[in-house]
Amino acid sequence: MKNSFGSSVSVTLFGESHGQQIGVVIDGMAPGIEIDSDFICAQLSLRRPKGKISTARREADEYTIVSGVFEGRTTGTPICILIPNADTKSKDYSATRALARPGHADYTANCKYHGFEDYRGGGHFSGRITAPLVAAGAIAISALKKKGILVGTHIKNCGGVSDRNFENPESDILELNSKEFAVLSDESAKKMNEAILAAASEGDSVGGILETAVTGVPAGVGEPWFDSVESVLSHILFSIPGIKGVQFGLGFDFASKKGSEANDSFYMNGSTVATSTNNNGGINGGITNGMPIMFSCAVKPTPSIYKTQNTVDFINKADSQISLQGRHDPAIIHRARVVVDSVTALALCDMLCSRYGTDWLAM
C-alpha cells in the first residue's frame, strides 16, 4: 500500500516521468457509474502546461481505460487507466545524475532506493504522475456531482497577488470549473500571469495558495481522531508534489481569535441545521456538519529554476554547484488546482462509501 490510498475506494499510482507509461488503478468504485470520456479529457487538459507560464514539455495524455469499464459504465471491478509518456528528453538529466537538485527528491530517493531509482525527470516523484490521478479524479468528480456534491479550487494567492474570497461557494465553483486559469477575479488573473512571467524572465519561480470549497456533503461523514475529515484530506493533499501546508477554515488565523470570534453559531435554516459563519470549514470533531468544506493548500515555488545553486554530488560525496537545463514550470499552482480537485474527490468518495456503503455513489 505504499503507493495506494483509501480503503472503501482506493487508488494505486504507478509509473515514472520518463518511463513508457504512467497509470492508476481504482478499486471499490461502484458498478454502473457512467464514464464521461469528454470530461476526463477536459480535466486532463486543465493539468497540461499552456503558454509561457508553463513548461515546454507537451504531452497529449491520450489515456486508455483497460479494465473495469464496459459499455460506458463501471463494472465494479478494478479500473486501470494508462497514459503514455511521449515528449521526453531524458538526456537533459544524465549530466546531473549525481547532483541533488535543491528542493527535489533526488537525494532522498537515492537514499531510499539505493541508487536503483529512475532519476529522469524526477522519476516516480515527478508531478507528471499526477496526470493519472486527474483521470481517476474525473470519474470521482462525475460520480459526486450526480449526488449533488461539487468540488472547486481557486488560486487564492500567487506571486504576491490575491484573488477574491469565495462568496457563494456553489456558484463560484461552477464559475471556476469553466476556467483554465482558476481565479474568481479576471483582474487577479492578469496580475498573477504577469508575476509568473516576471519570475520566469529571471530564471526563477513563484508559489502561492490554493483555496478549495466542497458543497453538498451531508452532515455526519468522517470519524473522530485518526480518520477525521481533516486527517484523510490532509493525507492525500500532502501526497501532491509541491504541497507544503494544509489548513481548514480559518486555520492558523484561529491563533489570533477569541472563542467568541472563532465559534460558528448554529441556527435553523428551515428544517436544516446551519451555521452563521464557517470558520471551522464545515467540520466539527472531525465530522462534516453540512456546511461547505473549506480548506487551503500552500504550494511551494517550482524547485526547478535556471539560477546556479549550491548542492552536493551525493555519489562522490563532494560539494558542487548545479545549473539546470531542460524544460521547467515557472509556477505549478495553476496546474495543481485540478490535481487538488481530483484527490479531494477521491478522498470524499472513500469517506462517503465508508459511511453509506460502496454502492451509494451509483444509487
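Figured I'd write up the structure that's included with this text.

Conventions we followed
- The residue count restarts for each chain, going from 1 along the sequence in the order it is written.
- Where local features are concerned, this predicted model is filtered to residues with pLDDT of at least 70; where side-chain atom pairs are given and counted, the filter is 80 or more; whole-chain, interface and lining totals use all residues.
- Processing note: side-chain calculations cover all non-hydrogen atoms of the structure and skip hydrogens and water entirely.
- Each helix corresponds to a stretch of at least 4 residues labelled H or I by DSSP, and each strand to a stretch of at least 2 residues labelled E; elements are numbered beginning at the N terminus.
- This radius of gyration counts C-alpha atoms alone. The globule rule is 2.2 Å times how many residues there are, raised to the power 0.38.
- Contact criterion: two residues are considered in contact whenever any of their non-hydrogen atoms come within 4.5 Å of each other.
- Here the Shrake-Rupley method, with its probe set to 1.4 Å, supplies the accessible areas, and only the displayed protein chains count as covering residues.
- Here Asp and Glu are counted as negative and Lys and Arg as positive; His is not counted, and neither are the chain ends.
- Where a charge lies is defined by one atom per residue type, namely NZ (Lys), CZ (Arg), CG (Asp) and CD (Glu).
- Paired strands, as defined in this entry, are two strands with at least two bridges between them according to DSSP.
- Between N-to-C directions, angles span 0 to 180 degrees; the directions come from axes that are lines fitted to C-alpha atoms, helices contributing only their stretch in contact.
- What sets the label is the angle itself: under 35 degrees gives roughly parallel, over 145 gives roughly antiparallel, 65 to 115 gives roughly perpendicular, and the rest give oblique.
- Rotating anticlockwise by less than a right angle from the far helix to the near helix defines a left-handed crossing, while the corresponding clockwise rotation defines a right-handed one.
- In the scheme used here, Gly and all other residues not listed as nonpolar or charged are polar, with Ala, Val, Leu, Ile, Met, Phe, Trp, Tyr, Cys and Pro taken as nonpolar and Asp, Glu, Lys and Arg as charged.
- We call Phe, Tyr and Trp rings a pair once their centres come within 6.5 Å, taking the six-membered ring for Trp, and we label the pair stacked below 30 degrees between planes, edge-to-face above 60, and tilted otherwise.
- Any residue under 20% of the maximum accessible area for its type is buried, any over 50% is exposed, and the rest in between are partly exposed; the area is computed with a 1.4 Å probe on protein chains only.
- By convention a nonpolar core is built from buried Ala, Val, Leu, Ile, Met, Phe, Trp, Tyr and Cys residues, the set being connected through side-chain atoms within 4.5 Å.
- In what follows, a disulfide is any cysteine sulfur pair within 2.5 Å.

A count of helices and strands for the protein gives nine helices and 18 strands. Radius of gyration (C-alpha) of the protein: 21 Å, near the 21 Å computed for a compact globule of 363 residues. Reported as C-alpha extents along the three principal axes, the dimensions of the protein are approximately 65 × 50 × 35 Å. For the protein, the proportion of contacts with a sequence separation of at least 24, taken over those separated by at least 6, is 71%. In the structure as shown, the protein presents an accessible area of about 16,800 Å², 52% of it carried by carbon and sulfur atoms. Treating the 33 positive side-chain charges of the protein as one cloud and the 38 negative ones as another, the clouds have centres 4 Å apart.

On to the sheet that holds strand S4 (residues 64–67). Taken in spatial order, the five strands make up an open sheet running S1-S2-S3-S7-S4, and their pairing is antiparallel. Each end of this open sheet is capped by a strand with a single partner; those strands are strand S1 (4–5) and S4.

Inspection of the secondary structure assignment puts Thr 55 in the loop between helix H1 (37–47) and S4. Taking the C-alpha atoms as reference points, Thr 55 and Pro 330, separated by 275 residues in sequence, lie 7.5 Å from one another. Residue contacts for Thr 55: discarding those within four places in its chain leaves Pro 49, Arg 327, His 328, Asp 329 and Arg 335.

Another point: the packing of helix H4 (residues 130–146) against helix H9 (residues 333–356). Taken N-terminus to C-terminus, the directions of H4 and H9 make an angle of 55 degrees; their axes are 7 Å apart at the nearest point. As far as their axial angle goes, H9 and H4 are oblique. Seen from above, H4 lies across H9 with left-handed handedness. Contact residues: Thr 130, Leu 133, Val 134, Ala 136, Gly 137, Ala 140, Ile 141 and Leu 144 in H4; Val 338, Val 339, Asp 341, Ser 342, Val 343, Ala 345, Leu 346, Leu 348, Cys 349 and Leu 352 in H9. Its residues placed into classes, the contact of H4 with H9 shows 14 nonpolar, three polar and one charged.

Moving on: the sheet that holds strand S10 (residues 208–215). The five strands lie next to each other as S9-S8-S10-S16-S11, forming an open sheet whose pairing is antiparallel. This sheet does not close on itself; its edge strands, each paired only once, are strand S9 (161–162) and strand S11 (243–248). Summarising the sheet, S10 and strand S16 (residues 293–299) pair through seven bridges and their orientation is antiparallel. Note on S16: the bridge partner recorded for Ala 213 is Met 294. Contacts from helix H7 (residues 229–237) reach S11 and S16, with the element oriented near 160 degrees to S11.

This brings us to the pairing of strand S12 (residues 266–269). In the sheet, S12 pairs with strand S13 (residues 272–275) via four bridges, with the strands oriented antiparallel. Bridge pairing links Asn 269 to Thr 272 in S13. Remark: two residues form the turn of the hairpin made by S12 and S13, two consecutive strands paired antiparallel; Gly 270 in that turn has positive phi of roughly 70 degrees.

Per the stated rule, a full pass over the model turns up four aromatic pairs. Taking the centre distance of 5.6 Å and the plane angle of 50 degrees together, the rings of Phe 248 and Phe 295 count as tilted. Pair noted here: Phe 248 is in strand S11 and Phe 295 is in strand S16, with a separation of 47 residues, a long-range link. Residue classification places Phe 248 among the buried residues on the basis of a relative accessible area of 12%. Overall, the relative accessible area of 1% leaves Phe 295 in the buried class. Look at Tyr 356 and Trp 360: their rings are 5.2 Å apart centre to centre, the planes differ by 25 degrees, and that puts the pair in the stacked class. Relative accessible area serves as the criterion here: at 34%, Tyr 356 is assigned to the partly exposed category.

Let's shift gears to unusual backbone geometry. At Glu 71, a position not held by glycine, the phi torsion is positive, near 55 degrees. Relative to the helices and strands, Glu 71 is located in the loop between strand S5 (69–70) and strand S6 (73–74). When its relative accessible area of 71% is taken as the criterion, Glu 71 is described as exposed. Unusually for a residue other than glycine, Lys 317 sits at a positive phi of about 55 degrees. You can see Lys 317 is positioned in the loop between strand S17 (309–313) and strand S18 (318–322). On the accessibility criterion, Lys 317 (67% relative accessible area) is exposed.

Further remarks concern the nonpolar core. Nonpolar side chains in soluble globular proteins generally cluster together in the buried interior. The biggest cluster of nonpolar side chains holds 77 residues, and the ones touching the most others in it are Ile 26, Leu 233, Leu 237, Leu 348 and Leu 361. No other element matches H9, which puts 14 residues into this core. Once residues lying within four places of it in the same chain are set aside, the contact partners of Leu 361 are Met 29, Ile 33, Ala 143, Leu 144, Lys 147, Cys 349 and Cys 353. In this structure, Leu 150, Leu 176, Ala 182 and Ala 213 belong to the second largest nonpolar core, which totals eight residues.

Right, let's talk about the state of the cysteines for a bit. Evaluated as defined, the whole model comprises zero disulfides. With no disulfide of its own, Cys 349 has Cys 353 as its nearest cysteine by sulfur position, at a separation of 6.1 Å.

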